[in-house]
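Chain by chain, the residues run as shown.
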Amino acid sequence: MIDLRSDTVTQPTQQMREAMLVAPVGDDVYAEDPTVIELEQRVARLLGHEAGLFCVSGSMCNMLGVRLLVEPGQEVVCDVQAHIARAEMGGHAAAHGLTMRTFPSTRGKLDSAEVTKIISPSGGPYLVSTAAVAVENTHNFGGGTIQPFDELTAVAELCREHGIGFHLDGARLWSAHVATGVPFEVYGRLFDTISVCFSKGLGAPVGSVLVSTAENIARARVLRKRLGGGWRQAGVLAAACLYALDHHVQRLADDHAAARTFAEAVAGCVPAAVNPDTIETNVVVIDTGTTPAAPVAAAAAERGVRVSALGPFMIRAVTHLDVTADDCEWAGQLVGKLLAE
Ligand SMILES: Cc1ncc(COP(=O)(O)O)c(C=O)c1O
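The notes below deal with the structure included here. On a predicted model such as this, the values are computed, not experimentally measured, just so you know.

Thresholds, definitions, all that
Starting from 1, residues in each chain are numbered consecutively following that chain's sequence as written. In keeping with the model being predicted, local features are shown solely for residues with a pLDDT of at least 70 and side-chain atom pairs are shown and tallied solely at 80 or more, while totals for entire chains, interfaces and linings include all residues. Calculation of side-chain values draws on the structure's entire complement of heavy atoms; hydrogens and water are dropped beforehand. For this purpose, a residue is taken to be near a molecule or strand whenever a single non-hydrogen atom of the residue falls within 4 Å of it. As used in this structure description, the phrase polar contact means that two N or O atoms lie within 3.5 Å; if the pair is within protein, one of them must be able to donate a hydrogen and the other to accept it, and residues adjacent in sequence are counted only when both atoms belong to side chains. The method behind every accessible area is Shrake-Rupley, applied with a 1.4 Å probe, and residues are considered shielded solely by the protein chains displayed. Under the scheme used here, helices are H or I runs from DSSP no shorter than 4 residues and strands are E runs no shorter than 2 residues, and both carry numbers assigned from the N terminus. Should DSSP find at least two bridges between two strands, the strands are regarded as paired. Where helices are involved, their axes are fitted lines through C-alpha atoms of the stretch in contact, as for all axes, and angles between N-to-C directions lie from 0 to 180°. We call two residues contacting when some pair of their heavy atoms lies within 4.5 Å. To pair, rings of Phe, Tyr and Trp, with the six-membered ring standing in for Trp, must have centres within 6.5 Å; the planes then decide the type, stacked if under 30 degrees apart, edge-to-face if over 60, and tilted in the middle. Remark: exposure states derive from per-residue accessible area (1.4 Å probe, protein chains only) relative to the maximum for the residue type, with buried under 20%, exposed over 50%, and partly exposed in between. The rule for a charge over a ring is simple: NZ of Lys or CZ of Arg within 6 Å of the ring centre, and within 35 degrees of the ring normal. Under the convention used throughout, the expected extent of a helix is 1.5 Å for every residue step, that is, one less than its residue count.

Some thoughts on the site of the ligand
Move 1: Neighbouring residues of the ligand: S57, G58, S59, N62, H83, E88, E136, N140, D169, A171, R172 and K200.
Move 2: In this structure, an oxygen atom belonging to the ligand sits 2.8 Å away from a side-chain N or O atom of R172.
Move 3: Between K200 and the ligand, the recorded distance is 2.9 Å, taken from a side-chain N or O atom to an oxygen atom.
Move 4: When the ligand sits alone it has 390 Å² of accessible area, and the protein chains cover 84% of it.
Move 5: In terms of residue count, helix α3 (residues 58-69) provides more of the shell around the ligand than any other element does, three residues in total.

Encoded structure:
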């Protein structure tokens, strides 16, 4: 089975498991786990922030990061396809009492003009006040797209000008860095809070880190515990993340190339389904046209290729360290042929 449903389906490698086995650990609720502390400090430094907090998931880091910037009854603004809006089970509203407003985007790409149009920083007695903007880089449902750096800079300036926060859902920031060469710290200094994930593309079984100021992270520790996210000897998991940081970042370039190979194979059968030139990282979004996506995904699975039907006419395939370029070419041809039938 070639599983391209997501880059979260990877198995920890033997070396990663060995790193987990020998990790020194302690009780992280008492902030006494040396491996967790090492990971938090290292990620914070990498992104040019003061402190980090290791959490169970990207969703939790996003919920905490946004909550640090937005009070209950205020809003966070994001694009219409954002993971925080579509795929975090309404957690920001359900647990933290925030509202969300979305602006349109093409393939998830940030356009500062759209943000300027929608924000209401001081809502007064009539309008909900915008307390933060959130951006995703790379953009998952947009098809692994990389945010234009000048647009990120423009929105960061807009946020500062209006005294509102700027959050980055950087679940796959690793891919943006590898594809563009923009240093992590250069990305990092644009934002007030950043979430990065180790379980997507980097091959760790669990784990995300939120970074921000030391004061914010101290608050986030309390909020994390309130969500039931305080954990104990989490160093066994942090060790996998440290291993991933050392060994699995630069190899993402292979996943990006394999995604393009997959897209080319699909386009070879149905050119309108995907333009390989738009593939920037490890995610391929296929437009199935008038062919319903779910039966195509089901037929592919029967023949040994798993992809996700993420909308009535949308299929997503994501490459990762457990598939080869040859796997992806074969899988792309299969999906392309099914679409062409
Ligand atoms: C862009 C993005 N942000 C956040 C998340 C949430 O991560 P988790 O599944 O660890 O909660 C995901 C998950 O795939 C994602 O793609």
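Okay, back to it.
Describing the sheet that holds strand β4 (residues 99-103)
Hydrogen bonds between backbone groups are what pair the strands of a sheet, and the pairing can be parallel or antiparallel.
Move 1: Judged by pairing direction, the sheet is mixed, and its seven strands sit side by side in the order β2-β8-β7-β6-β5-β3-β4 without closing on themselves. The open sheet terminates on both sides in strands that have one partner only, identified here as β2 (51-55) and β4. For this sheet, the mean inter-axis angle between neighbouring strands, taken without regard to orientation, is 20 degrees.
Move 2: The pairing of β2 with strand β8 (residues 208-212) spans five bridges and is antiparallel. When the bridges of β8 are listed, A51 appears paired with S212.
Move 3: Those strands touched by α3 are β2, β3 (75-79), β5 (130-136), β6 (165-170), β7 (193-197) and β8, and its axis lies near 175 degrees from that of β6.

Brief notes about the packing of aromatic side chains
Move 1: Counted under the stated rule, the structure contains five aromatic pairs.
Move 2: Between F54 and W231, the ring centres sit 4.8 Å apart and the planes meet at 40 degrees, which makes this aromatic pair tilted. Of this pair, F54 sits in strand β2 while W231 sits in the loop between α10 (214-226) and α11 (235-247); the two residues are 177 residues apart in sequence, bridging distant segments of the chain.
Move 3: Since its relative accessible area comes to 0%, F54 is described here as buried.
Move 4: Through a chain of ring-to-ring contacts, the aromatic side chains of W174, F184 and F198 assemble into a single cluster.
Move 5: Across the ring face of F141, the terminal group of R86 is positioned such that the distance to the ring centre comes to 4.8 Å.

Quick look at helix α12 (residues 252-269)
Move 1: Given a rise of 1.5 Å per residue, 18 residues ought to cover 26 Å, and the 26 Å separating the end C-alpha atoms of α12 matches this to within 8%.
Move 2: Where the residues of α12 are buried, they touch α8 (173-180), β9 (283-287), β12 (314-318) and α14 (325-340).

Looking at the pairing of β7
Move 1: With five of its five residues buried, β7 lies for the most part within the structure.
Move 2: Alternating positions in β7 separate into two faces, T193, S195 and C197 on one and I194 and V196 on the other, with burial throughout.
Move 3: The pairing of β6 with β7 spans four bridges and is parallel. Bridged to D169 within β7 is S195.
Move 4: Relative to β8, β7 runs antiparallel, the two being bridged by four bridges. Looking at the pairing, I194 lines up with V211 of β8.

By themselves, these are just geometric observations and shouldn't be taken as functional.
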